[in-house]
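# Structural overview
The primary structure of each chain is shown beneath.
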Amino acid sequence: MEVITVSELARKMNLKASDLISKLMGMGMMVTINQQIDAETAQIIADDYECKINIVSLYDETIIESEEDIDKDLKSRPPIVTVMGHVDHGKTKLLDAIRSTNVVAGEFGGITQHKGAYTVETPKGPVTFLDTPGHSAFTMMRSRGAQITDIVILVVAANDGVMPQTKEAVSHAKEAGVPIVVAVNKTDLPEANPDRVKQQLSELNIIAEDWAGSVQFINISALKKTGIKELLDAVQLESEMLDLKANWDCRAEGKVIESKVDQGRGTVSTILVQRGVLRVGDSFVAGVFNGKIRAMFDDKGEKLMEAPPSTPVEIIGISGVPNSGDPFQVTSSDREAKQFSAKRLELRKVEGAKNVKKITLDNLYDSIQDGEIQELKVIIKGDVHGSVEALQSALEKLSTKEIRLACIRAGAGAIIEDDVYLASASNAIIVGFHVRPTAKAQSIAEAEKVDIRKYNIIYDAVEDIRSAMEGMLAPELKEEVSGMVEIRETFKVPKIGVIAGCMVTSGTITRKSQVHVYREGVEVYTGGISSLKRFKDDAKEVREGFECGLSIDGFQDIKVGDQVEVFNIREIARNLGESTSGE
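Residues numbered from 1 in each chain as written. Predicted model: local features only at pLDDT ≥ 70, side-chain atom pairs only at ≥ 80, totals over all residues. Heavy atoms only, no water.

### Points about the side chain of Asn185
By secondary structure assignment, the location of Asn185 is in strand S8 (residues 180-185). Taking relative accessible area as the criterion, Asn185 reaches 3% and is therefore assigned buried. Other than its neighbours up to four places away in sequence, Asn185 contacts His89, Gly90, Val155, Val156, Ala157, Ala158, Ile220, Ser221 and Ala222. (Helix = DSSP H or I, 4+ residues; strand = E, 2+ residues; numbered from the N terminus. Buried < 20%, exposed > 50% of the residue type's maximum accessible area, 1.4 Å probe, protein only. Contact = heavy atoms within 4.5 Å.)

Shown next, in the form of structure tokens:
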């Protein structure tokens, strides 16, 4: 590569590292065995030993060449349809109606937390559906759904109309350049207004066919299962117009939709096959991890031996947890898969090393400023990678100028001892999403006093962390005026100083109060009260209309006629909205 360590170069040239070090010292370079030298220096040394050097790009070595498509190999494939829309508009309910099963009942709070992939048999052939989460936290997952799809079904509730995530889904679909079919749901409700939906979407340049546009609008009721046939017909029509084809005879390729760690089965990944036929026993690379397919299941949990294009499958046999959206490619052998995986891991390590933030003169001022910033560190563990990523982005958005949320680790799988040790060392809290700690991790957490929070709904996690961060904000101090006092006479007392004879003209004065001293309307001093007396006795408080004796801490220049404003300081808890308003 562009750089190499002295020990690695010596090994490749079949020399002792000490020989190379002495050679480099002779050239005026003081190096150690683990120090990196550039390709030019390596070339000069290699020439001395009559070796030839080839410089390779690590990135080039991580790319698996795809087989080219030949027209005769292309056969038609089922359409991939992504269901998008605002939270609670009935996307999963619609899929239930299409699949005639019940997915919603299994989701916490009736909100989809994961991206589901299903194959549905229709009279005109199979259709693959992707169900994307609707709430704002899952932008990344929705955009990936749009990238691997052929057609988008935009679900809009007839009673709510166009909402923020509806607009976002439209922009994702337009960016991906895929046709949209609008499903106007909940039309059975008395307050339903499908024409308002058409009007609102026309503002986003999605114009219905009966309004002289090109987008099909289908009125449905997912609950009553009406309009489902018409919606499937609309999807089939769009699919026929697209004339979707794929190569069925090449090595299988696809995308990782979701990954999770399943107890007893290990890492389970949901793959959407895009070209080629995937078979049990195939060696593959998914993202940076390699594997061999030990078993393959469809969306109903039934075992499959092979999966043609446009089929979503769960596979077992991968060495790590790949990220959602990672490319999935079958290789010719297990050995080749391991080589590509090793190179990709090495590239990730090199890229990671480049991103380490070092203090430079340019960012020194920022780093000094950062000293004032408080930091809340979190470790996020979840059942599937997509949810972890969504939760991480939702939490990081809570950061403000004064308080930063740093996610020091995020991954799929149970909360293990390693997570607890990291949290203990870095003073972080652990957020578990649909996962719980192992027994050993739990006992270590109790011993180390590490806070582990478990959640099933993403909103709950965000709200709790927001509250914790608001507790870390410095409270706002507010002065509350409690009374006014007028100085009527002053007395000098040996060893004590000046005592003022006063009349409380309004409110009350207490021993613990603070005071502002005003002379002719100008503030001359602010401080505490050192003594407060009624006649010769100490007093805790003196009310309006009574006289008292008063000495002010650190201030002897009291004059007759001065006005003393009495106040107490109250701490007011601040919320994150206030600390971001200055930005």
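### Let's talk about the nonpolar core
Core analysis: the largest hydrophobic core is formed by 23 residues, its most contacted members being Val81, Leu94, Ile98, Phe129, Ile153, Ala183 and Leu231. If you list the elements that add at least two residues to this core, you get strand S4 (80-85), helix H5 (91-99), strand S5 (116-122), strand S6 (125-131), strand S7 (151-157), S8 and helix H9 (228-242). With five residues, the top contributor of residues to this core is H9. The residues contacting Leu231, other than those within four sequence positions of it, are Leu94, Ile153, Val181, Ala183, Ile218 and Ile220. One finds Val388, Ala390, Ile403 and Ile429 within the second-largest nonpolar core, a separate group that totals 21 residues. (Core = buried A, V, L, I, M, F, W, Y, C linked by side-chain atoms within 4.5 Å.)

### A look at the pattern of salt bridges
Scanning the entire structure with this criterion turns up 23 salt bridges. Here Arg488 makes a salt bridge to Glu486, at a shortest N to O gap of 3.5 Å. The residue Arg519 makes a salt bridge to Asp562 at a minimum N-O spacing of 2.9 Å. Residue Arg519 is located in strand S25 (residues 514-519), and its partner Asp562 is located in the loop between strand S29 (547-552) and strand S30 (563-572); the two are separated by 43 residues in the primary sequence. Owing to a relative accessible area of 2%, Asp562 belongs among the buried residues under this scheme. Because the salt bridges share partners, they merge into one network encompassing Lys381, Arg409, Asp418 and Asp419. (Salt bridge = Lys/Arg side-chain N within 4 Å of Asp/Glu carboxyl O.)

These results come straight from atomic positions and should not be treated as a statement about function.
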